[in-house]
Structure formats: C-alpha cells, structure tokens
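Take a look at the letters that make up each chain.
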Amino acid sequence: MLVLGIETSCDETAAALVTDKREIRANVVLSQIDEHAPYGGIVPEIAARSHIDHLDGLIARAMDDAGATFADLDGVAVTAGPGLIGAVMVGLMTGKAVAAVHDLPLSAVNHLEGHALSARLSDEELQFPYLLLLVSGGHCQLLVVEGVGRYKRLGTTIDDAAGEAFDKAAKLLDLGYPGGPAIERAAKNGDGTRFSLPRPLKGRAGCDFSFSGLKTALLHKVQALEVGLDDSLRADFAASFQQAVADVVVDRCQNAILSFRAAHPEGRFLVAGGGVVANSMLRARLKELATANDLSLALPPLALCTDNAAMIAWAGIERLNLGLADDLNAVPRARWPLDQNAAPPPGVGRAGKLGPKA
Ligand code: KG4
Ligand code: ZN
C-alpha cells in the first residue's frame, strides 16, 4: 500500500509517500520560518497563504523523489486538525481533491495521532498498549495508547506546552525562533547549575504539567541582571532552563509509568513523539527513565519528531488498514483532542479558554 501524506496544520508545508511496509519513499518539508520571522511569531493568514503557494509543488516533488505517479497511490492521508484553521483547510481541500480525482480512499488524520503513532513507523517491534509522552509546540500530554484511535489521557499542561516554553524562553534570551533548537545549541556551552530555576509540579501527584512559572522565573532572573546578556550568560540560562524542563518532564513521566503499569501490567514500552523529542538531553533522560523502570524506549528519529507528512501518511495507513476511511465531507478542526473523554485540566474554566490548544 502506497499512501500520500499531506501536512499543513501550522507553519510547515509537508508531503510524503510511505508504504505499509514502513518504507518512507519521499518526505519533504518546507518551513515557513523566514516568512513569519519579521512578526516575531506565526501569523495564521500568512501560514495559510504560503501553504497555498507551495503545497502543489511539494506534492510534485515528493512524487518525483519516490519515482511515483498518482496512479501508483492506494490512498491519501491528510491532517484535518488540530491546528490553524485556515492552514488545515488548505491541506484538507488539496487531499480531498487528489482523492476525488484519482478515486482513492481518504484518511482525515488527527495531527496528534500522527505524532502518537510516529514511533510505530520507525520501530516495527512497538506494540500496543504503550505509554506516550507527546511534547510539541502546541501540546504537552501523557497518554496511554491502547490502539489506533484509542487514547486515554493521564495528564496535560495547565498552561504552556513544553515547546511553547522553549520558544518563549528563547525569545526572552534573544536566541531566535524556533526556540527549542536554539536553546539546545546555546546550552551546549552552558552551565546548567548556574541559575536556580523552579521545577513546577515536580514531586506532586498526577501527570499534569505547568511551565509558565518557570518561564516567568527566567524572565525575573534576566531582568535582575546588572549587566546585559552576553553569549556566556545566554548559554548558562539556556542550560539551566533545559535542565529544569527535563527534570519536570521526567518527574511527570515517572508518575505516568506507575498509572500505566497499574492499568496495563503487560505494557512494555515508553514512547515519545512531537518536536521537543528532538532535544538530545530529553532523549538521554528518557532513556535513563525507561531503563530504571524496565521499559523499552521507542523514540522516532529526529525527522519524524518535528512536523512532517510521513507520520501523517503512516497514521493514515494504520487507519485505512482497519477500514477507517473518511469521506469527502470530513471537516477541518481547530481543536481536536485525542482523548475525547478527558476532563479539562485543573484550573481550566468551562469554556476551556486557558486550556491547551487541542
Ligand atoms: O511537533 P512540532 O514540530 O510542531 C507542533 O506540532 O507543535 O513541535 C515544534 C516545537 C517547537 O516549539 C520547537 O521549539 C520544539 O518543538 N523543538 C524543540 C527542539 N526542536 C524542536 N524543543 C527542544 N529541543 C529541540 N531540539
Ligand atoms: Zn506537531
């Protein structure tokens, strides 16, 4: 089975061709960072227009890379949410058009399911159920993945997502966007013990996250400096911040492992997905955690951690294999939680206004 994957939920335009034998025959990603940089953040309207400008060309390139034509396809998988609504619409309409013209089954994929299943694309040994840490720019959750489409949320962030915290910290330190890779680069030369920063919720029961206090503490420390920021201070701040995030994530994961074990004594895997999993310190800390708990760790390679269309194609393959095709009425969704039954996180009002983006 050869499936075309399309991803346009945020600021990356992406197309990929993947087979049900886990062969990634093409995987192209075009970042819009330079287009948004002058505005200091992602501008939804620019994102949508840029996807329109580039998506057709990117699909043609993916076809070319794979040496395939539309006639070779067995299905189309496209992100239908959650994300910037205009951006999602561009990809979804394109995916529907390809499916309609070439009479192919369509899979309208939840972007988070793409992240959740991405480790199964790179690791054929990975079996359900597994414990999943999903940490990206818009999301920070711990979930039990019982199967395709079967997710139980154990915890989520009550304020910022982990990637969002990295991005805000990097902005504060004048390190540029996206913040995660910038903080990681700067931290390489830094002393992670130089600045003492809080570890929000560490040692507390449950699996929820909080990062806004950490970001504010960093802001106060930077403001309290009697000298301007230089590269050495930036490196020490970046290393101290990264260390604090990793400590919090590992602490929350440890609680989640206990809950996972209680519900699924047969579960053997700790899995992570999302852009923040590209962080090498976090990868190393998760490895230690898995070993200490006698779990196998499954981490996607870096190219499958940050947003890409191969993970969307793969999620589509998993769904199509189960007969879960969608019709051409599939709607774009700005919000789309993986666990539809999860209660709002503590501190979130009935309208969910303070909640995470899905
Ligand atoms: O999964 P992703 O590409 O997009 C979303 O679905 O949100 O995640 C992007 C996030 C950004 O916040 C970025 O700063 C973060 O992932 N990120 C990292 C690293 N690479 C990307 N965070 C920490 N360390 C990294 N190396
Ligand atoms: Zn993502």
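A contiguous nonpolar patch, built from Ile85, Met89 and Met93 and spanning about 250 Å² of accessible area, is present on the exposed surface. Along the chain, the position of Ile85 falls in helix H3 (residues 85-102).

Within the first shell, the zinc ion (ligand 2) binds the protein through His111 (NE2), His115 (NE2) and Asp307 (OD), at distances of 2.0 to 2.1 Å. Each of the four donor atoms around the zinc ion (ligand 2) contributes to a set of angles spanning 95 to 138°, which defines the coordination as irregular. Mapped onto the sequence, the donors of the zinc ion (ligand 2) take the spacing H-x3-H-x191-D. A residue pair is termed long-range when its members are at least 10 positions apart, and His111 in helix H4 (residues 111-122) and Asp307 in the loop between helix H10 (302-305) and helix H11 (310-321) qualify at 196 residues. Per residue, the accessibility class of His111 equals that of Asp307, and both read buried.

It is worth spelling out the site of ligand 1 at this point. Of all residues adjacent to ligand 1, which total 21 residues, the nearest are Gly137, Asp167, Gly180, Glu184 and Asp307. Measuring from an oxygen atom of ligand 1, one finds a backbone N or O atom of Gly137 at 2.8 Å. Within the contact set of ligand 1, an oxygen atom lies 3.0 Å away from a backbone nitrogen or oxygen of Gly275. Mapped onto the shell around ligand 1, the elements with two or more residues apiece are H4, helix H5 (162-172) and helix H6 (179-187). Here the element with the most residues in the shell around ligand 1 is H6; it accounts for four residues. Looking at side-chain class alone, the shell around ligand 1 contains six nonpolar, 12 polar and three charged residues. Summarising the domain contributions, the shell around ligand 1 has at least three residues from each of domain 1 (2-117 + 304-321) and domain 2 (128-301).

Orientation of H5 relative to helix H8 (residues 231-263), taken along the N-to-C sense of each, is 165°, at an axis distance of 11 Å. Between H5 and H8, the angle falls in the class roughly antiparallel. Between H5 and H8 lies a crossing whose hand is right-handed. Across from Ala165, Phe166 and Ala169 in H5, the residues of H8 making contact are Phe241, Gln242 and Val245. Among the residues making up the contact of H5 with H8, the classes are represented as five nonpolar, one polar and no charged.

All right, on to the confidence of the model for the chain then. Across the chain, pLDDT averages 95, with 96% of residues at or above 70. At the level of individual helices and strands, the chain shows its lowest average pLDDT in helix H1 (residues 33-36), which scores 92, and its highest in strand S1 (residues 2-7), which scores 99.

Looking now at the pattern of salt bridges. Where charged atoms from two side chains of opposite charge approach closely, those side chains can pair. Applying the stated criterion across every chain, the model contains 13 salt bridges. When the shortest N-O distance is used, the salt bridge between Arg49 and Glu45 registers 2.7 Å. Remark: Glu45 and Arg49 occur in helix H2 (residues 44-66); sequence separation between them is four residues, near one turn of the helix. By relative accessible area, which is 53% here, Arg49 ends up exposed. Relative accessible area serves as the criterion here: at 45%, Glu45 is assigned to the partly exposed category. Across the pair Glu146 and Lys152 runs a salt bridge, and its minimum N-O distance is 3.2 Å. Here the salt bridges do not stand alone but share partners, grouping Asp160, Glu164, Lys168 and Lys215 into one network.

Any pair of aromatic rings gets described here by the distance separating the centres and the angle formed by the planes. According to the stated counting rule, one finds four aromatic pairs in the structure shown. Taking 5.6 Å as the distance between ring centres and 15° as the angle between the ring planes, the aromatic pair formed by Phe128 and Tyr130 counts as stacked. According to the relative accessible area criterion, Phe128 is partly exposed, its value standing at 25%.

Here the focus is the side chain of Gln141. Mapped onto the secondary structure, Gln141 falls in strand S7 (residues 140-147). A relative accessible area of 3% places Gln141 in the buried class. Filtering out sequence-adjacent residues up to four positions away, Gln141 remains in contact with Leu132, Leu133, Leu134, Arg153, Gly155, Thr156 and Phe209.

This part is about the nonpolar core. With 49 residues, the main nonpolar core has Leu133, Phe211 and Phe241 as its most contacted residues. Secondary structure elements with two or more residues in this core: strand S6 (130-135), S7, H5, H6, helix H7 (212-223), H8, strand S9 (269-273) and helix H9 (280-292). Core analysis: the second largest hydrophobic core is formed by 33 residues, Val3, Ala14, Leu112 and Leu304 among them.

The end-to-end C-alpha separation of H4 is 17 Å, in line with the 16 Å expected for 12 residues at 1.5 Å each. Among the 12 residues of H4, 11 are classified as buried, and the element is accordingly described as predominantly covered. Of the positions making up H4, those classed as buried are His111, Leu112, Glu113, Gly114, His115, Ala116, Leu117, Ser118, Ala119, Arg120 and Leu121.

Conventions we followed
- In this convention, every chain numbers its residues from 1, walking through the sequence in written order.
- Think of it this way: whatever chain is written first is A, whatever ligand is written first is 1, and the rest follow in order.
- With pLDDT at 70 or above as the cut-off, local features in this predicted model cover only qualifying residues; side-chain atom pairs require 80 or more to be listed or tallied, and sums for whole chains, interfaces and linings still use all residues.
- Just so you know, side-chain values use all the structure's heavy atoms and leave hydrogens and water out.
- Each patch groups residues whose relative accessible area exceeds 30% and which form no salt bridge, using 9 Å between like charges and 5 Å between nonpolar side chains of Val, Leu, Ile, Met, Phe, Trp and Tyr.
- Note on areas: these come from Shrake-Rupley sampling with a 1.4 Å probe, and a residue is covered only by the protein chains present in the view.
- By definition here, a salt bridge exists when the distance from a side-chain nitrogen of Lys or Arg to a carboxyl oxygen of Asp or Glu is within 4 Å.
- Under the DSSP-based scheme used, a helix requires at least four consecutive residues in state H or I and a strand at least two consecutive residues in state E, with every element numbered from the N terminus.
- Donor criterion used throughout: N, O or S atom within 2.8 Å of the metal, extended to 3.2 Å for Na, K and Ca. Water excluded; incomplete-looking sites may result.
- Think of it this way: with four donors and all angles in the 85 to 135 degree range, the site is tetrahedral; with four or six donors, opposite ones beyond 155 degrees and the rest between 65 and 115, it is square planar or octahedral; otherwise it is irregular.
- Accessibility here uses a 1.4 Å probe with only protein chains present; expressed as a share of the type maximum, an area under 20% marks a residue as buried, one over 50% as exposed, and anything in between as partly exposed.
- Being near a molecule or strand, for a residue, comes down to having at least one heavy atom within 4 Å of it.
- Think of a polar contact as two N or O atoms within 3.5 Å of one another; within protein, one of them needs to be a possible hydrogen donor and the other a possible acceptor, and neighboring residues in sequence only count if both atoms come from side chains.
- Think of it as three bins: nonpolar holds Ala, Val, Leu, Ile, Met, Phe, Trp, Tyr, Cys and Pro, charged holds Asp, Glu, Lys and Arg, and polar takes everything else, Gly as well.
- Just so you know, the domain bounds were taken from an automatic or database domain assignment.
- Axes here mean lines fitted to C-alpha atoms, for a helix over just the part in contact, with angles spanning 0 to 180 degrees between N-to-C directions.
- We call two directions roughly parallel when the angle between them is under 35 degrees, roughly antiparallel when it is over 145, roughly perpendicular when it lies between 65 and 115, and oblique otherwise.
- With the far helix as reference, a near helix turned anticlockwise by less than a right angle produces a left-handed crossing, and one turned clockwise produces a right-handed crossing.
- For this analysis, residues touch if any pair of their heavy atoms sits within 4.5 Å.
- The quantity known as pLDDT measures the predictor's confidence residue by residue, on a range of 0 to 100.
- Note on aromatic contacts: the rings of Phe and Tyr and the six-membered ring of Trp form a pair at centre separations within 6.5 Å, being stacked when their planes are under 30 degrees apart, edge-to-face when over 60 apart, and tilted otherwise.
- Take the buried residues of types Ala, Val, Leu, Ile, Met, Phe, Trp, Tyr and Cys, join any two whose side-chain atoms come within 4.5 Å, and each joined set is a nonpolar core.
- To estimate the expected span of a helix, subtract one from its residue number and multiply by 1.5 Å.

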